[in-house]
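Listed below are the residues making up each chain.
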Amino acid sequence: EGGHVQAPIGGNRQRDGTVLKVGTPDSLEGLKLTDYKGLGGKEKIEKLPDPFKMVEKELKPFSDSIKELVSTDQPVLSMAAKHFFEKRHGKRFRPTIVQLMAKAVAAATPEDGADQITTEQAANQGIGGVQWEWSGASDVQIEGGVVTPGNHQGSEVWRKQAQLGQIVEMIHVASLIHDDVLDEADTRRGGEAVHKLYSNKVAVLAGDYLVARASVLLARLENTAVVQIMATALESLWNSTQAS
(Lines give C-alpha, C1' and ligand atoms only; values in the text may rest on other atoms or scores of the structure.)
Protein backbone atom coordinates (compact mmCIF):
# COMPACT_ATOMS: atom_id res chain seq x y z
CA GLU A 1 0.00 0.00 0.00
CA GLY A 2 1.24 3.48 -0.81
CA GLY A 3 4.48 4.44 -2.52
CA HIS A 4 5.36 3.71 -6.13
CA VAL A 5 4.61 0.56 -8.08
CA GLN A 6 8.06 -0.81 -8.80
CA ALA A 7 9.18 -1.86 -12.27
CA PRO A 8 9.29 -5.64 -12.83
CA ILE A 9 12.78 -7.15 -12.77
CA GLY A 10 14.15 -10.31 -14.30
CA GLY A 11 14.66 -12.54 -11.28
CA ASN A 12 17.75 -12.52 -9.10
CA ARG A 13 20.25 -10.41 -11.03
CA GLN A 14 23.10 -11.28 -8.67
CA ARG A 15 23.27 -14.92 -9.85
CA ASP A 16 24.41 -16.56 -13.05
CA GLY A 17 24.04 -20.32 -12.91
CA THR A 18 26.28 -21.61 -10.14
CA VAL A 19 28.51 -18.54 -9.80
CA LEU A 20 27.57 -15.35 -8.01
CA LYS A 21 28.13 -12.29 -10.16
CA VAL A 22 30.51 -10.89 -7.56
CA GLY A 23 32.87 -13.71 -8.54
CA THR A 24 32.39 -15.90 -5.46
CA PRO A 25 31.72 -19.62 -6.01
CA ASP A 26 28.31 -20.63 -4.69
CA SER A 27 29.16 -23.25 -2.05
CA LEU A 28 25.46 -23.82 -1.30
CA GLU A 29 24.47 -24.66 -4.88
CA GLY A 30 22.03 -27.59 -4.89
CA LEU A 31 21.60 -27.59 -1.12
CA LYS A 32 18.43 -29.27 0.14
CA LEU A 33 17.29 -29.14 3.75
CA THR A 34 15.83 -32.62 3.30
CA ASP A 35 19.42 -33.92 3.17
CA TYR A 36 19.86 -33.16 6.88
CA LYS A 37 19.03 -35.12 10.01
CA GLY A 38 15.60 -34.42 11.40
CA LEU A 39 14.37 -33.45 7.95
CA GLY A 40 14.71 -36.84 6.28
CA GLY A 41 18.44 -36.97 5.49
CA LYS A 42 21.70 -38.07 7.07
CA GLU A 43 23.85 -34.92 6.96
CA LYS A 44 24.60 -33.09 10.21
CA ILE A 45 22.97 -29.67 10.46
CA GLU A 46 26.12 -28.45 12.26
CA LYS A 47 27.93 -28.51 8.92
CA LEU A 48 25.99 -25.43 7.84
CA PRO A 49 27.15 -21.93 8.88
CA ASP A 50 25.86 -20.85 12.31
CA PRO A 51 23.66 -17.80 11.58
CA PHE A 52 23.97 -16.49 15.15
CA LYS A 53 27.77 -16.51 15.03
CA MET A 54 27.75 -14.73 11.68
CA VAL A 55 26.32 -11.59 13.32
CA GLU A 56 27.62 -12.12 16.85
CA LYS A 57 29.71 -8.94 16.80
CA GLU A 58 26.86 -6.82 15.49
CA LEU A 59 24.51 -8.04 18.25
CA LYS A 60 27.04 -7.76 21.09
CA PRO A 61 25.95 -4.23 22.17
CA PHE A 62 22.27 -5.10 21.59
CA SER A 63 21.15 -5.55 25.22
CA ASP A 64 22.75 -2.38 26.57
CA SER A 65 21.52 -0.17 23.74
CA ILE A 66 17.96 -1.51 23.77
CA LYS A 67 17.69 -1.10 27.57
CA GLU A 68 18.63 2.53 27.09
CA LEU A 69 16.03 2.94 24.36
CA VAL A 70 13.18 1.61 26.53
CA SER A 71 14.05 3.56 29.68
CA THR A 72 11.32 5.72 31.18
CA ASP A 73 10.97 8.05 34.17
CA GLN A 74 8.46 5.66 35.76
CA PRO A 75 10.58 3.15 37.79
CA VAL A 76 8.11 0.24 37.86
CA LEU A 77 7.16 0.62 34.21
CA SER A 78 10.83 0.90 33.29
CA MET A 79 11.74 -2.31 35.16
CA ALA A 80 8.82 -4.19 33.63
CA ALA A 81 9.67 -2.99 30.11
CA LYS A 82 13.35 -3.93 30.52
CA HIS A 83 12.66 -7.34 32.05
CA PHE A 84 13.13 -9.42 28.88
CA PHE A 85 16.11 -7.37 27.72
CA GLU A 86 18.07 -7.82 30.95
CA LYS A 87 17.42 -11.31 32.29
CA ARG A 88 15.31 -13.25 29.81
CA HIS A 89 16.48 -11.97 26.46
CA GLY A 90 16.13 -15.29 24.57
CA LYS A 91 17.94 -15.99 21.30
CA ARG A 92 17.25 -12.59 19.70
CA PHE A 93 16.08 -14.45 16.63
CA ARG A 94 14.41 -11.46 14.95
CA PRO A 95 17.33 -9.01 15.30
CA THR A 96 19.56 -11.81 13.99
CA ILE A 97 17.40 -12.13 10.85
CA VAL A 98 17.55 -8.35 10.30
CA GLN A 99 21.35 -8.32 10.65
CA LEU A 100 21.77 -11.33 8.38
CA MET A 101 19.68 -9.63 5.69
CA ALA A 102 21.67 -6.41 6.16
CA LYS A 103 24.90 -8.33 5.59
CA ALA A 104 23.48 -10.20 2.62
CA VAL A 105 22.36 -7.11 0.71
CA ALA A 106 25.69 -5.38 1.38
CA ALA A 107 27.69 -8.33 0.04
CA ALA A 108 27.00 -7.71 -3.63
CA THR A 109 27.21 -4.36 -5.41
CA PRO A 110 23.90 -3.65 -7.18
CA GLU A 111 23.91 -3.53 -10.96
CA ASP A 112 22.56 -0.75 -13.13
CA GLY A 113 18.90 -1.51 -13.73
CA ALA A 114 18.27 1.16 -16.33
CA ASP A 115 18.00 -1.46 -19.03
CA GLN A 116 15.08 -3.09 -17.19
CA ILE A 117 12.73 -0.09 -17.18
CA THR A 118 11.02 2.08 -19.75
CA THR A 119 11.44 5.82 -20.19
CA GLU A 120 7.85 6.32 -19.00
CA GLN A 121 8.45 4.28 -15.84
CA ALA A 122 11.62 6.23 -15.15
CA ALA A 123 9.78 9.54 -15.48
CA ASN A 124 6.85 8.42 -13.31
CA GLN A 125 9.02 6.96 -10.57
CA GLY A 126 11.77 9.55 -10.56
CA ILE A 127 14.45 7.08 -11.67
CA GLY A 128 17.47 8.76 -13.14
CA GLY A 129 19.78 5.92 -14.11
CA VAL A 130 20.70 5.13 -10.50
CA GLN A 131 21.98 1.69 -9.63
CA TRP A 132 19.46 0.36 -7.15
CA GLU A 133 16.55 2.61 -6.24
CA TRP A 134 14.75 1.26 -9.31
CA SER A 135 14.48 -2.17 -7.69
CA GLY A 136 12.44 -0.94 -4.73
CA ALA A 137 15.35 -0.30 -2.37
CA SER A 138 15.59 2.91 -0.37
CA ASP A 139 17.51 5.97 -1.51
CA VAL A 140 20.62 5.51 0.64
CA GLN A 141 22.99 8.36 1.41
CA ILE A 142 26.44 6.81 1.70
CA GLU A 143 29.90 7.44 0.34
CA GLY A 144 30.07 6.15 -3.22
CA GLY A 145 26.27 5.95 -3.46
CA VAL A 146 26.21 2.16 -3.01
CA VAL A 147 26.44 -0.02 0.11
CA THR A 148 29.38 -2.44 -0.04
CA PRO A 149 31.07 -4.72 2.52
CA GLY A 150 33.80 -2.08 2.78
CA ASN A 151 31.63 0.91 3.73
CA HIS A 152 28.67 -0.86 5.37
CA GLN A 153 29.69 -1.36 9.01
CA GLY A 154 29.64 1.86 11.01
CA SER A 155 27.68 3.75 8.36
CA GLU A 156 24.34 5.49 8.89
CA VAL A 157 22.70 2.67 6.92
CA TRP A 158 24.23 0.09 9.27
CA ARG A 159 23.05 2.05 12.33
CA LYS A 160 19.48 2.22 11.05
CA GLN A 161 19.46 -1.48 10.20
CA ALA A 162 20.63 -2.28 13.74
CA GLN A 163 17.90 -0.08 15.16
CA LEU A 164 15.30 -1.81 13.01
CA GLY A 165 16.35 -5.07 14.67
CA GLN A 166 15.79 -3.47 18.08
CA ILE A 167 12.39 -2.15 17.02
CA VAL A 168 11.28 -5.59 15.84
CA GLU A 169 12.40 -7.16 19.13
CA MET A 170 10.59 -4.51 21.18
CA ILE A 171 7.34 -5.21 19.34
CA HIS A 172 7.84 -8.95 19.75
CA VAL A 173 8.47 -8.64 23.50
CA ALA A 174 5.39 -6.42 23.86
CA SER A 175 3.30 -9.15 22.24
CA LEU A 176 4.76 -11.75 24.65
CA ILE A 177 3.89 -9.62 27.68
CA HIS A 178 0.32 -9.11 26.46
CA ASP A 179 -0.08 -12.77 25.49
CA ASP A 180 0.95 -13.89 28.97
CA VAL A 181 -1.72 -11.68 30.51
CA LEU A 182 -4.41 -13.01 28.15
CA ASP A 183 -3.31 -16.63 28.64
CA GLU A 184 -2.80 -16.20 32.40
CA ALA A 185 0.64 -17.78 31.98
CA ASP A 186 2.83 -18.08 35.06
CA THR A 187 6.19 -18.30 33.33
CA ARG A 188 7.99 -17.08 30.23
CA ARG A 189 11.50 -18.05 29.07
CA GLY A 190 12.18 -19.99 32.23
CA GLY A 191 11.21 -17.19 34.62
CA GLU A 192 8.13 -15.51 36.02
CA ALA A 193 5.91 -13.67 33.58
CA VAL A 194 5.88 -9.87 33.87
CA HIS A 195 2.30 -9.77 35.15
CA LYS A 196 3.26 -12.24 37.90
CA LEU A 197 6.22 -10.11 38.96
CA TYR A 198 4.17 -6.90 39.00
CA SER A 199 0.48 -6.92 38.07
CA ASN A 200 -1.79 -7.24 35.04
CA LYS A 201 -2.10 -3.47 34.85
CA VAL A 202 1.67 -2.90 34.87
CA ALA A 203 2.20 -5.68 32.30
CA VAL A 204 -0.37 -4.23 29.90
CA LEU A 205 1.09 -0.74 30.29
CA ALA A 206 4.62 -2.09 29.77
CA GLY A 207 3.58 -3.80 26.55
CA ASP A 208 1.77 -0.68 25.34
CA TYR A 209 4.80 1.46 26.21
CA LEU A 210 7.14 -0.81 24.22
CA VAL A 211 4.89 -0.58 21.16
CA ALA A 212 4.67 3.21 21.51
CA ARG A 213 8.45 3.52 21.92
CA ALA A 214 9.05 1.22 18.96
CA SER A 215 6.69 3.37 16.86
CA VAL A 216 8.63 6.54 17.69
CA LEU A 217 11.95 4.90 16.80
CA LEU A 218 10.42 3.51 13.61
CA ALA A 219 9.33 6.98 12.52
CA ARG A 220 12.85 8.30 13.20
CA LEU A 221 14.23 5.92 10.59
CA GLU A 222 12.57 8.26 8.07
CA ASN A 223 11.91 5.43 5.64
CA THR A 224 8.31 5.43 4.47
CA ALA A 225 8.47 1.95 2.92
CA VAL A 226 9.81 0.40 6.14
CA VAL A 227 7.18 2.21 8.22
CA GLN A 228 4.40 0.92 5.94
CA ILE A 229 5.64 -2.67 6.12
CA MET A 230 6.11 -2.58 9.90
CA ALA A 231 2.75 -0.89 10.48
CA THR A 232 1.00 -3.57 8.43
CA ALA A 233 2.84 -6.31 10.34
CA LEU A 234 1.92 -4.67 13.64
CA GLU A 235 -1.75 -4.49 12.64
CA SER A 236 -1.73 -8.19 11.71
CA LEU A 237 0.01 -9.10 14.96
CA TRP A 238 -2.52 -7.28 17.10
CA ASN A 239 -5.46 -8.66 15.12
CA SER A 240 -4.18 -12.19 15.71
CA THR A 241 -3.72 -11.44 19.41
CA GLN A 242 -7.30 -10.24 19.73
CA ALA A 243 -8.57 -13.27 17.78
CA SER A 244 -6.79 -15.67 20.11
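Residues numbered from 1 in each chain as written. Predicted model: local features only at pLDDT ≥ 70, side-chain atom pairs only at ≥ 80, totals over all residues. Heavy atoms only, no water.

Q: Before we go on, may I ask you to explain the packing of helix α8 (residues 156–183) against helix α10 (residues 200–220) in this structure?
A: Helix packing geometry: the angle between the two helix axes and the distance between the axes. Orientation of α8 relative to α10, taken along the N-to-C sense of each, is 160 degrees, at an axis distance of 9 Å. As judged from the angle between their axes, α8 and α10 are roughly antiparallel. The two elements α8 and α10 cross, and the hand of that crossing is left-handed. Along the contact surface, α8 presents Gln-163, Leu-164, Ile-167, Met-170, Ile-171, Val-173, Ala-174, Ile-177, His-178 and Val-181, while α10 presents Asn-200, Ala-203, Val-204, Gly-207, Asp-208, Leu-210, Val-211, Arg-213, Ala-214, Leu-217 and Leu-218. For the contact of α8 with α10, the per-class residue count stands at 15 nonpolar, four polar and two charged. (Axes fitted to C-alpha atoms, helices over the stretch in contact; angles between N-to-C directions. Helix = DSSP H or I, 4+ residues; strand = E, 2+ residues; numbered from the N terminus. Parallel < 35°, antiparallel > 145°, perpendicular 65-115°, else oblique. Left-handed = near helix turned anticlockwise from the far one by under 90°. Contact = heavy atoms within 4.5 Å. Nonpolar A, V, L, I, M, F, W, Y, C, P; charged D, E, K, R; others polar.)

Q: Just to check I follow, could you spell out α10 for this structure?
A: Along an α-helix, a turn takes 3.6 residues, which lines up residues three or four apart on a common side. A rise of 1.5 Å per residue sets the reference length of α10, with its 21 residues, at 30 Å; its end C-alpha atoms lie 31 Å apart and thus fit the reference within 8%. Of all the residues in α10, the buried ones are Val-202, Ala-203, Ala-206, Gly-207, Tyr-209, Leu-210, Val-211, Ala-214, Leu-217 and Leu-218. (Expected span 1.5 Å × (residues − 1). Buried < 20%, exposed > 50% of the residue type's maximum accessible area, 1.4 Å probe, protein only.)

Q: Honestly, unusual backbone geometry in this entry has me stumped. Any pointers?
A: What you tend to see is this: most non-glycine residues have negative phi, and most peptide bonds are trans. Positive phi values are uncommon outside glycine, yet Glu-184 reaches one of about 55 degrees. Residue classification places Glu-184 among the exposed residues on the basis of a relative accessible area of 65%. Even without being glycine, Glu-222 reaches a positive phi, approximately 55 degrees. Take Glu-222: it is sitting in the loop between α10 and α11 (224–243).

Q: Would you take a moment to explain the nonpolar core for this structure?
A: It is characteristic of soluble globular proteins that their nonpolar side chains tend to be buried jointly. Residues Phe-85, Leu-164, Ile-167, Met-170, Ile-177, Leu-210 and Met-230 are the most contacted members of the largest nonpolar core, which totals 34 residues. Where this core is concerned, the elements lending two or more residues are α3 (62–69), α4 (75–86), α8, α10 and α11. Here Leu-210 is in contact with Val-70, Ala-81, Phe-85, Met-170, Val-173, Ala-174 and Ile-177, once residues within four sequence places are set aside. (Core = buried A, V, L, I, M, F, W, Y, C linked by side-chain atoms within 4.5 Å.)

Q: In this structure, what is going on with the environment of Glu-156? I would like to understand it.
A: Take Glu-156: it is sitting in helix α8. For Glu-156, a relative accessible area of 42% translates into the label partly exposed. Residues Glu-156 and Ile-142, 14 residues apart in the sequence, show an inter-C-alpha distance of 7.6 Å.

Q: Explain a nonpolar patch on the surface to me, please; I cannot follow it from the model alone.
A: Together, Phe-52, Phe-93, Ile-97, Met-101 and Val-105 make up an exposed nonpolar region whose accessible area comes to about 470 Å². Broken down by element, the residue count for the nonpolar patch peaks at four residues, all from helix α5 (residues 93–106). Mapped onto the elements of the fold, Phe-52 is located in helix α1 (residues 51–54). On the basis of relative accessibility, which here comes to 34%, the residue Phe-52 falls in the partly exposed class. (Patch = residues over 30% accessible without salt bridge, like charges linked within 9 Å, V, L, I, M, F, W, Y side chains within 5 Å. Areas by Shrake-Rupley, 256 points an atom, 1.4 Å probe, with all protein chains shown as cover. Salt bridge = Lys/Arg side-chain N within 4 Å of Asp/Glu carboxyl O.)

Q: Would you mind going over the side chain of Gln-166 with me for this structure?
A: With respect to the helices, strands and loops of the structure, Gln-166 is situated in helix α8. Look past the residues within four positions of Gln-166 in its chain and what remains in contact with it is Phe-62, Ser-65, Ile-66 and Leu-69.

Q: Can you help me understand the pattern of salt bridges in this one?
A: If the charged atoms of two oppositely charged side chains come close together, the side chains can form a pair. If you walk through the whole model with that rule in mind, you get five salt bridges. In this structure, the salt-bridge partner of Lys-47 is Glu-43, at a minimum N-O distance of 2.5 Å. On the basis of relative accessible area, Lys-47 is assigned to the exposed category, the value being 59%. The partner of Lys-103 in a salt bridge is Glu-58, with the nearest N and O atoms 3.4 Å apart. Placement of Lys-103 in helix α5 and of Glu-58 in helix α2 (residues 56–59) is noted, with a sequence separation of 45 residues between them. Judged by its relative accessible area of 34%, Lys-103 falls in the partly exposed class. When its relative accessible area of 12% is taken as the criterion, Glu-58 is described as buried.

Q: Where do I start with the environment of Ala-193 in this structure?
A: Note on placement: Ala-193 falls in the loop between β4 (191–192) and α9 (194–197). The buried category is assigned to Ala-193, whose relative accessible area is 0%. Taking the C-alpha atoms as reference points, Ala-193 and Ala-203, ten residues apart in sequence, are found 8.9 Å from one another. Those residues in contact with Ala-193 that sit more than four places away from it in its chain are Asp-180, Ala-185, Asp-186, Thr-187 and Arg-188.

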